[in-house]
Amino acid sequence: MNDLSPDRDDRIANLKGLGCSRKRVEDARFTQGKGNYVDDIKMPGMLHGDFVRSPYAHARVVSINIDAAMALDGVVAVLTAKDLEPLGLHWMPTLAGDKQMVLADGKVLFQGQEVAYVVARDRYVAADAVELVEVDYEELPVIVDPFKALEPGATVLREDLEGQTSGAHGERRHPNHIFLWEEGDKAATEAVLDEAEVVAEETIYYHRTHPCPLETCGCVASMDKVNGKLTLYGTFQAPHVVRTVASLLSGIEEHNIRVVSPDIGGGFGNKVGVYPGYVCSIVASIVTGKPVKWVEDRMENLMATAFARDYWMKGRISATKEGKITGLHCHVTADHGAFDACADPTKFPAGFFHICTGSYDIPVAYVGVDGVYTNKAPGGVAYRCSFRVTEAAYFIERMIEVLAQELNMDAAELRRINFIRKDQFPYHSALGWEYDSGDYHTAWDKALTAVNYDGLRAEQAERVEAFKRGETRKLMGIGLSFFTEIVGAGPVKNCDILGMGMFDSCEIRIHPTGSATARLGTISQGQGHATTFAQILASEIGISADSITIEEGDTDTAPYGLGTYGSRSTPVAGAATALAGRKIRAKAQMIAAYLLEVHDNDVEFDVDRFVVKGAPERFKTMKEIAYAAYNQAIPGLEPGLEAVSYYDPPNMTYPFGAYICVMDLDVDTGQTEIRQVYALDDCGTRINPMVIEGQVHGGLTEAYAIAMGQEIAYDEMGNCKTGTLMDFFLPTAVETPHYTTDFTETPSPHHPIGAKGVGESPNVGGVPMFSNAVHDAFRAFGLRQSHMPHDHWRIWRIAEGLGLHG
Ligand code: MCN
Ligand code: CUM
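What counts and how
Residues numbered from 1 in each chain as written. Chains lettered and ligands numbered in written order. Predicted model: local features only at pLDDT ≥ 70, side-chain atom pairs only at ≥ 80, totals over all residues. Heavy atoms only, no water. Near = heavy atom within 4 Å. Polar contact = N/O pair within 3.5 Å; in protein donor to acceptor, adjacent residues only side chain to side chain. Areas by Shrake-Rupley, 256 points an atom, 1.4 Å probe, with all protein chains shown as cover. Helix = DSSP H or I, 4+ residues; strand = E, 2+ residues; numbered from the N terminus. Domains from an automatic or database assignment. Donors = N, O, S within 2.8 Å, 3.2 Å for Na, K, Ca; no water. Buried < 20%, exposed > 50% of the residue type's maximum accessible area, 1.4 Å probe, protein only. Pairing = 2+ DSSP bridges. Right-handed = clockwise from strand over helix to strand, strands pointing away. Disulfide = S-S within 2.5 Å. UniProt positions renumbered as here; feature names shortened; annotations may be inferred. Nonpolar A, V, L, I, M, F, W, Y, C, P; charged D, E, K, R; others polar. Phe/Tyr/Trp six-rings, centres within 6.5 Å; stacked < 30°, edge-to-face > 60°. Lys NZ or Arg CZ within 6 Å of the ring centre and 35° of its normal. Core = buried A, V, L, I, M, F, W, Y, C linked by side-chain atoms within 4.5 Å. Contact = heavy atoms within 4.5 Å. Expected span 1.5 Å × (residues − 1). Axes fitted to C-alpha atoms, helices over the stretch in contact; angles between N-to-C directions. Left-handed = near helix turned anticlockwise from the far one by under 90°. Arc of directions from axis to C-beta. Buried area = accessible area lost by both parts, 1.4 Å probe. Salt bridge = Lys/Arg side-chain N within 4 Å of Asp/Glu carboxyl O.

## Some remarks on the site of ligand 1
So, step 1. If you check the shell around ligand 1, you find 32 residues, and the closest are Gly267, His529, Ser569, Thr570 and Val758.
So, step 2. Gly526 is positioned such that a nitrogen or oxygen atom in its backbone is 3.1 Å from a nitrogen atom of ligand 1.
So, step 3. Within the complex, 96% of the 840 Å² of free accessible area of ligand 1 lies under protein.
So, step 4. Among the secondary structure elements, those contributing two or more residues to the shell around ligand 1 are helix H15 (529-541), helix H16 (569-596) and helix H18 (689-708).
So, step 5. Split by domain, the residues of the shell around ligand 1 number at least three in each of domain 1 (8-35 + 504-647) and domain 3 (307-488 + 652-801).

## What to know about the coordination of the copper atom of ligand 2
So, step 1. The sole protein-derived ligand of the copper atom of ligand 2 is Cys385 (SG), positioned 2.1 Å away.
So, step 2. Relative to the helices and strands, Cys385 resides in the loop between strand E20 (379-380) and helix H11 (389-407).

## What about the environment of Asp145?
So, step 1. When you line up the elements, Asp145 lands in the loop between strand E8 (134-139) and helix H6 (146-149).
So, step 2. Judged by relative accessible area, Asp145 falls into the partly exposed class, the value being 26%.
So, step 3. Among the polar contacts made by the side chain of Asp145, one reaches the main-chain amide nitrogen of Phe147 at a distance of 2.7 Å.

## Observations concerning the pairing of strand E14 (residues 229-234)
So, step 1. Most of E14 sits out of view: 5 of its 6 residues are buried.
So, step 2. Here strand E13 (residues 218-224) folds back onto E14 in antiparallel fashion, the turn holding 4 residues, of which Gly228 has a positive phi close to 70 degrees.
So, step 3. Here 4 bridges tie E14 to strand E15 (residues 257-260), and the two strands are oriented parallel to one another. Looking across to E15, one finds that Tyr233 is bridged to Val260.
So, step 4. As for the winding sense of the linkage, the β-α-β connection from E14 through helix H8 (residues 239-250) to E15 is right-handed.

## Quick look at the state of the cysteines
Note on terminology: disulfide describes a covalent bond linking the sulfur atoms of two cysteines.
So, step 1. One pass over the full model with this rule turns up 0 disulfides.
So, step 2. Between Cys212, a cysteine without a disulfide, and Cys217, which holds the nearest cysteine sulfur, the sulfur-to-sulfur distance is 11 Å.

## Quick word on the UniProt feature "domain: Aldehyde oxidase/xanthine dehydrogenase a/b hammerhead" (unreviewed entry) in the protein
So, step 1. Using the residue numbers shown here, the UniProt feature "domain: Aldehyde oxidase/xanthine dehydrogenase a/b hammerhead" (unreviewed entry) corresponds to residues 32-141.
So, step 2. The straight-line gap between the two end C-alpha atoms of residues 32-141 is 51 Å; of that span, 17% is helix and 36% is strand.

## Digging into the site of ligand 2
So, step 1. Close to ligand 2 lie Gln237, Phe268, Gly269, Val381, Ala382, Tyr383, Arg384, Cys385, Ser386, Tyr565, Gly566 and Glu760, which account for all nearby residues.
So, step 2. Between ligand 2 and the protein, one listed contact pairs an oxygen atom with a backbone N or O atom of Gly566 at 2.5 Å.
So, step 3. Residue composition of the shell around ligand 2, by class: 6 nonpolar, 4 polar and 2 charged.

## A look at the packing of aromatic side chains
To describe a pair of aromatic rings, one takes the distance between the centres and the angle between the planes.
So, step 1. Applying the stated criterion to the full structure yields 37 aromatic pairs.
So, step 2. One aromatic cluster in this structure is built from Tyr360, Phe419, Phe425, Tyr440, Trp444, Phe482 and Phe656.
So, step 3. The aromatic ring of Phe307 is capped on one face by Arg208, whose charged end is 3.4 Å from the ring centroid.
So, step 4. Directly above the aromatic system of Phe605 lies the positively charged group of Arg585, at a separation of 4.7 Å from the ring centroid.

## Quick look at the nonpolar core
So, step 1. Membership of the largest hydrophobic core comes to 188 residues, with the highest contact counts inside it found for Tyr117, Met313, Phe352, Phe353, Val369, Phe770 and Phe778.
So, step 2. When residues in this core are grouped by element, the largest group, 12 residues, is from H11.
So, step 3. Setting aside residues no more than four positions away along its own chain, Phe352 makes contact with Pro345, Ser386, Phe387, Arg388, Val389, Trp433, Ile486, Ala489, Cys495 and Met652.
So, step 4. Counting residues in each nonpolar core, the second largest holds 46 residues, with Leu15, Ile541, Ala576 and Ala580 among its members.

## Side note on H16
So, step 1. Along its 28 residues, H16 runs 38 Å from first to last C-alpha, staying within 8% of the 40 Å computed at 1.5 Å per residue.
So, step 2. Immediately downstream of H16, the backbone of Glu597 shows phi near 60 degrees, a positive value.

## With respect to the packing of H15 against H16
So, step 1. For the pair H15 and H16, the least separation of the axes is 9 Å and the interaxial angle reads 35 degrees. When the axes of H15 and H16 are compared, the crossing they make is right-handed. Between H15 and H16, the residues in contact are His529, Phe533, Ile536, Leu537, Ser539, Glu540 and Ile541 and Ser569, Thr570, Ala573, Gly574, Thr577, Ala578, Gly581, Arg582, Ile584 and Arg585, respectively.
So, step 2. Partitioned by chemical class, the residues of the contact of H15 with H16 number 7 nonpolar, 7 polar and 3 charged.

## Focus: the sheet that holds strand E28 (residues 548-552)
So, step 1. Taken together, 4 strands build an open sheet; the order of strands is E28-E27-E26-E32 and the sheet is mixed. Unpaired on one side and paired on the other, E28 and strand E32 (642-647) mark the two borders of the sheet. Shown here is a sheet whose adjacent strand axes are inclined to one another by a mean of 15 degrees, direction ignored.
So, step 2. The sheet contact formed by strand E26 (residues 504-510) and E32 spans 6 bridges and is antiparallel. Residue pairing for E32: Ile508 is matched across the bridge by Ala643.
So, step 3. Strands E26, strand E27 (516-520) and E28 of the sheet are contacted by H15, whose axis makes an angle of about 130 degrees with E28.
So, step 4. Against the sheet, H16 makes contact with E26, E27 and E32, and its axis sits at roughly 145 degrees relative to E32, the strand it touches most.

## Looking at helix H5 (residues 123-132)
For an α-helix, the turn length of 3.6 residues means that residues three or four places apart are oriented alike.
So, step 1. Taken residue by residue, H5 has Val125, Ala126, Ala129 and Val130 as its buried positions. One side of H5 holds all its buried residues, which, seen down the axis, span an arc of 145 degrees. The exposed residues of H5 that point more than 90 degrees off its buried face are Tyr124 and Glu131.
So, step 2. Backbone nitrogen of Tyr124 and a side-chain oxygen of the N-cap are separated by 2.9 Å at the start of H5; the cap is Asp122.

## Here's the deal with the domain arrangement of the protein
So, step 1. Per the domain assignment, the segments of the protein are domain 1 (8-35 + 504-647), domain 2 (38-140 + 216-264 + 271-304) and domain 3 (307-488 + 652-801).
So, step 2. Taking the mean C-alpha position of each, domain 1 and domain 3 sit 38 Å from one another.
So, step 3. Residue-level contacts link 28 residues of domain 1 with 22 residues of domain 3.
So, step 4. For the domain 1 face of the interface with domain 3, the top three residues by lost area are Gly566, Ser567 and Pro571, together amounting to 26%.
So, step 5. The tally of links between domain 1 and domain 3 comes to 0 salt bridges.
So, step 6. Between the two partners, domain 1 and domain 3, sit 12 residue pairs in polar contact (both at pLDDT 80 or more).
So, step 7. Among the secondary structure elements, those contributing two or more residues to the side of domain 1 that touches domain 3 are H15 and H16.
So, step 8. Here the side of domain 1 that touches domain 3 takes 8 residues from H16, the largest share from any one element.

## A word on unusual backbone geometry
So, step 1. Residues Phe425 and Pro426 are joined by a peptide bond in cis, for which omega reads -5 degrees.
So, step 2. The linkage connecting Met788 with the following residue, Pro789, adopts the cis geometry, with an omega of -10 degrees.
So, step 3. The backbone of Cys212 shows a phi angle near 45 degrees, a positive value even though the residue is not glycine.
So, step 4. Here Cys212 is to be found in the loop between strand E12 (198-209) and E13.
So, step 5. Taking the relative accessible area as the measure of exposure, Cys212 reaches 4% and is therefore buried.
So, step 6. Backbone geometry places Phe268, a non-glycine residue, at a positive phi of 55 degrees.
So, step 7. Considering the arrangement of structural elements, one finds Phe268 in the loop between E15 and helix H9 (276-288).
So, step 8. Residue classification places Phe268 among the partly exposed positions, given a relative accessible area of 25%.

## Re the pattern of salt bridges
So, step 1. In this structure the tally under the stated criterion is 59 salt bridges.
So, step 2. Arg8 serves as the salt-bridge partner of Asp606, at 2.8 Å between the closest nitrogen and oxygen. Residue Asp606 is found in strand E29 (residues 603-606), and its partner Arg8 is found in helix H1 (residues 8-15); the two are separated by 598 residues along the sequence.
So, step 3. For Asp606, a relative accessible area of 16% translates into the label buried.
So, step 4. A relative accessible area of 41% places Arg8 in the partly exposed class.
So, step 5. For Arg416, the salt bridge goes to Glu413, with nearest N and O atoms at 3.1 Å. With Arg416 and Glu413 both in helix H12 (residues 411-418) and 3 residues apart, the pair spans about one turn of that helix.
So, step 6. Assessed through its relative accessible area of 32%, Glu413 is described here as partly exposed.

Okay, structure coming up:
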């Protein structure tokens, strides 16, 4: 080999490819305040929209008087449902097969619902005009409890559906019922439960919460009446889907619509759905011929955009006396709010909740989910949730703890004896999934050893004794969680959104001087795609990640894709990226062989070049090959070096993890302190360990928030009690615990580079870990189940209820 050429290790290091903790390229602009978010977009003559929102959770809209608002200097228009009706836009379809009011049509169904849309010269005038719109309401009875909603004779919320006994997902058995969705063998499960030696039964509530991204939702719509082109900038997690929906709703041909997601300040699923603000802004721009901006404020975001969870999960789990699980039965009452606007793949009205058998080899199971309307904001699938996997993991990880209690067994051991074994993969679950790969026992043992589990249990037992002797008022909880995620929606054959199959894409152009631009159908909201997807490519095509620009989010340039949510970017677009890279490499091989005057099969790829087999001194670097692709006429080959790949994954990927925390809690104040958090994640092949660690830290912090204090709470009148950051707990660095991360690496057998997703894992596994720690602290005193969030007041009440205050 040429002495001047860097050695092979250096060449690999220069690529900054797979496995490299490359610094995030996007952070140069983010940390300097140079990001370009929707609200940074300013266009000449731009107008500003703002909503009149309902103060009531359920009321008839008797009249709307816009005269005073229109009279205000600077107000251009005030839209109500009456203005949208002739366009057929006063209601819009939801992703879940329901429909949703864009502006109140006769009545309002939740507090904060959009009633009228004011368009004005600036944001301040718009806000003033909102105050001047006079709406006459007639209050109606409010239902915030999904169980009350289903009682006979309950007030009918959705009068528009009156008389409709079936909806998008089958039969509706009550006017406030949306669907019953079932999976598994009900009769067989009930038979097993009836015969079982031990059965544990519990109702687990996963409360309503909200992703609360730092940047709220917003858009700028700009209709160019001269060339007939509509441009829509917005906080969209799925820009191509927004383009298709906008075309279908507006009748504007799709090539005349350009949707752009600029930098997004956190999405977390909050920015998947279509909101009235987008529709109203587009209409307003078409009507006025001017660009119209709408950006919601914090209260609007918390009160009216996609919430998360609100699942009442009634479980029964059976086992032998030795602790081998024999069956699982689950019934969910799912509070969907006023409209079913869940952003699930179409055929899955409860998302992937039927992953609720978790990491365990459970022979028979059944799950039924009843969707219910209430007077609350719509949404439901958001917040690092992988389509309800958060709820499923919380359910099974609580049920395991409850069963351990029933069996008087150690919960870590109960998990171990029920884990799906390594040799059982690919594993077919009782509820119909095929888990691609896993090695749970290795991960669990590594985790238990890392925290010195036996030592912790011994310490805990001593603490309980000391507490009983009156020597301390502090208890200690060990929070265990082992989760299996399901991410990468998904095979087109069973996953679609509004009929669009959930594939994803990557298009690569190699430039003559050996650098590249790649465009994907996904869109980063902080996950670092510009950094990590360049790393996948670097390893595939032998060009340094630093010489590859990743672009996403502009439908005029990016290939069609279904967007970023459900941790699908790596499993789907990441696979497309690797495969498009392989197409580049295949052509590069032919060019190299031609240049080296050997047969195609006589050259092989080595890091950043093609080498003649058996003659390592004879090679062509990818840089040389790229140049040749553009400046030489190569017989039988088109000039240029480009490729595109649309990838339909054969299956989803099943990342997993073992999380353990140690919590001290003060029985008299209800105060908790997290002493230690250990999080082991297995996401298959790791692209960028540092980015993964960042994802895990973020997700754990959100899990901590959800488990320990965050909630969207309503009073009996349907008033949202947590609409500001004074009431809605958002942890800062002060509350955030310290984390230790770890990993095992079990590649996905069907993904081109073996990678699984990771973005949602820490939230899926983190919530049960923190919640289980609280429960575990009180286990010695008989606590079975206490609902989240475990704030100081609720913990104090547990202690009070158990008689620990003397
Ligand atoms: N990654 C990796 N190696 C792997 C898997 C992932 O290096 N084996 C990297 C990826 O290349 C990517 C990141 O980790 O840069 C997350 O990848 P992935 O798990 O594929 O998730 P997505 O990119 O599809 O992101 C979606 C996921 C979801 S659904 C929510 S919700 C969430 C999350 O990401 N929202 C986030 N993490 C977030 N992080 C930030 N900063 N902001 C959000 O809004
Ligand atoms: Cu469910 S939150 Mo993420 O899928 O955008």
